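Each chain, letter by letter, is given below.
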There are 2 protein chains.
Amino acid sequence: MHTVSTYSPDAAISARSASLGRSDASLRAAPQRAFAKGTEVFGEGEPSTFFYKVVSGTVRTVKLLSDGRRQIDGFYMPGDWFGLENGQSHRVTAEAVDQVLVIPYRRGDLGSLLKADPALIEALVESTLVNLDRAHEHMMLLGRKTALERMASFLMELAARMDVRDRLRLPMQRSDIADHLGLTIETVSRTVMQMVRAGLIKLDDSGRTVILADRKGLELLGA
Amino acid sequence: MHTVSTYSPDAAISARSASLGRSDASLRAAPQRAFAKGTEVFGEGEPSTFFYKVVSGTVRTVKLLSDGRRQIDGFYMPGDWFGLENGQSHRVTAEAVDQVLVIPYRRGDLGSLLKADPALIEALVESTLVNLDRAHEHMMLLGRKTALERMASFLMELAARMDVRDRLRLPMQRSDIADHLGLTIETVSRTVMQMVRAGLIKLDDSGRTVILADRKGLELLGA
DNA sequence: CGCATTCTTGACCCAACTCAATATAAGTGG
DNA sequence: CCACTTATATTGAGTTGGGTCAAGAATGCG
C-alpha cells in the first residue's frame, strides 16, 4: 500500500482537462476501467480500437526486441493520453505500473473522430504534440547524456509532471527506470546512490521516495 | 551536384499525398522556399509561425546541449511534414542536409487550423502520429541496440522511406548519421566498414552510395 | 592543381555492462 | 504478529563496446 504522498492525482486531472471544454463524453466507450499493477492495458500488435486517458496511477508503454531487450518509451500519468497511434494496430504494449484507472475512448477512424468532436480533437492533437516533444527530448537523453545526466533529467521531468516541489514518490521500480533511460538496474542504483552521496537527493523508506535536496544542481546536470 | 539516383522525389510526393485530397492550398503561406545545404530552415526558440512539407532534398531536426553535444531527432524527406510543434516556439532547429525545397504552411493556432481545412488536418494528424511512431522506434534503437544493429536499422529504414530496392544514396554525411544514432563518426565509419567486410553492403564512390547486398542479414540485425 | 572537408584506421582508455553476492523490503499464510 | 518466501535494491569485482586522441587517406570544391 502506498503511503500518503504530496502528489494529488485529482488536482492534476482538473488542471489538465481545463482546455478540454467538457465535450469529451460523446466518444467515451465506458466510464472507466481499472488495471492491477503489472497487467496489460493493450498489447503490441493488437487492433487499436481504443485510446485512453489516465485517471489515476501510472502507465508505461513498452517495446521489446526478440531477445528480450526492453525499452520503455514513456510513462503516462493522470491527465495524459496514451494509445492513440497511427495504423490499425498498436505498435507498443501498455502496462499498469501500479493500480491504474483509465477512461477508454473509441478510436474509429480519424476522419469520423474529427467530425464527431472538434473540441476533443484539439486536445488530442495537442496531447500528441506534447508526446512528440517529450520523445524528442528523450532521444537527446538516450543518444547523448551520461548516466548521471539521464537520472537527473528523469527526476526533474517527473517532478515537473507530478507538480511537486521536492518530495517525489516514484511509482515505478528500478528496472522500469533502467529500461526507460537505456541503462541497467545496477547503473541506476549506483547513480542514485552517487546522487545521495553528492547531496543532490535524499532517499526515504524503500528508496521509492526521493527528496530533491539540490534542485539547482540537478537542473544543471540535466540540461 | 547529385548524380541521378534511383530515388524519385516526385514519385514519393504523389504517393504520400494521396490521402490529402488536394485541399491543402488554403493554408499555404507561399508556393515554396529553397534552402541551400547547411542552412537553417528555423531555429530552436524561434516563434513557430510556419510548419513545412518537404518537396525535395532532406531536412534534419537538431537538438543541442550547452557543451555542443548534438542529437538529430529525425530526417525529413519528400512528402514528410516537419516543424509542427506544441507551444509558441520551435523546440528543435531544422537544417537543410542538401539542397532543399519546402512548402511553408502558416500555423496560426490549432483551433483555427482545425476549422480552416479538415482534410489537411487529417493528413497532418496522421503525419504527426507517423512521426511519433518513428520516434518510439528510434528510442528503442538509442536505448537498447548495438552499433551494428543501429546502423542496420538505419539503412533499412532509409531504404524503406526512399522506396529503393537496394541502391541507396545517403544524403547526409557520417557526422549526421553519428548524431542521429547516438554514436561517434569513428564508430559509424568502423561499423560501415565492418558491414562491407561481412558482405552485408557494398560501398560506391565516396562511401555515400550504399548497395544493400544482403537485405535478409540486415533485416535480421535491425529487428 | 591545391586546399579544405570528409572519411578511415590505429592505439589506448573508460563509463557502463556483466556476473555474483548480499541486503532490504514486501508479502503471505499460519 | 511473526516466520518464511519472494521480489526488489544495493554493492563489489572484473570485462568490454564504443569513446577519445591522433594520424593519414580520399574526395571534391574553387
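Note that the coordinates shown come from a computational prediction; the quantities given were computed from them, not determined experimentally.

**Section: the relation of the copies chain A and chain B**
Then step 1. Mapping chain A onto chain B is achieved by rotating through 180° and translating by 0.0 Å along the same axis, at an RMSD of 0.0 Å. Accordingly, the operation relating the two chain copies is best matched by a two-fold axis.
Then step 2. Taken as a fraction of all interface residues of chain A, those also at the interface in chain B reach 100%, which identifies the copy contact as same-surface.

**Focus: the packing of helix H4 (residues 147-162) of chain A against helix H5 (residues 174-181) of chain A**
All names here are of chain A.
Then step 1. Where H4 meets H5, the axes come as close as 11 Å, and the angle between the chain directions of the two elements is 110°. With respect to H5, the axis of H4 lies roughly perpendicular. Every pair of crossing elements has a handedness; the one defined by H4 and H5 is right-handed. Of the residues in H5, those touching H4 at Arg150, Met151 and Phe154 are Ile177, His180 and Leu181.
Then step 2. A per-class count over the contact of H4 with H5 returns four nonpolar, one polar and one charged.

**Concerning the interface of chain A and chain B**
Then step 1. Contact residues are listed per partner, giving 45 residues for chain A and 45 residues for chain B.
Then step 2. Summing both partners gives a buried area of about 4000 Å² for chain A against chain B, and 63% of it is carried by carbon and sulfur.
Then step 3. Counting across the interface, chain A meets chain B through eight salt bridges.
Then step 4. Counting every contact that joins chain A to chain B gives 16 residue pairs in polar contact (both at pLDDT 80 or more).
Then step 5. Those elements that provide at least two residues to the side of chain A that touches chain B are strand S4 (59-64), strand S5 (70-76), helix H2 (110-116), helix H3 (118-144) and H5 of chain A.
Then step 6. In terms of residue count, the dominant contributor to the side of chain A that touches chain B is H3 of chain A (20 residues).

Calculation criteria
- Residues numbered from 1 in each chain as written.
- Chains lettered and ligands numbered in written order.
- Predicted model: local features only at pLDDT ≥ 70, side-chain atom pairs only at ≥ 80, totals over all residues.
- Heavy atoms only, no water.
- Least-squares fit on C-alpha atoms with pLDDT ≥ 70 in both.
- Contact = heavy atoms within 4.5 Å.
- Axes fitted to C-alpha atoms, helices over the stretch in contact; angles between N-to-C directions.
- Helix = DSSP H or I, 4+ residues; strand = E, 2+ residues; numbered from the N terminus.
- Parallel < 35°, antiparallel > 145°, perpendicular 65-115°, else oblique.
- Left-handed = near helix turned anticlockwise from the far one by under 90°.
- Nonpolar A, V, L, I, M, F, W, Y, C, P; charged D, E, K, R; others polar.
- Buried area = accessible area lost by both parts, 1.4 Å probe.
- Salt bridge = Lys/Arg side-chain N within 4 Å of Asp/Glu carboxyl O.
- Polar contact = N/O pair within 3.5 Å; in protein donor to acceptor, adjacent residues only side chain to side chain.

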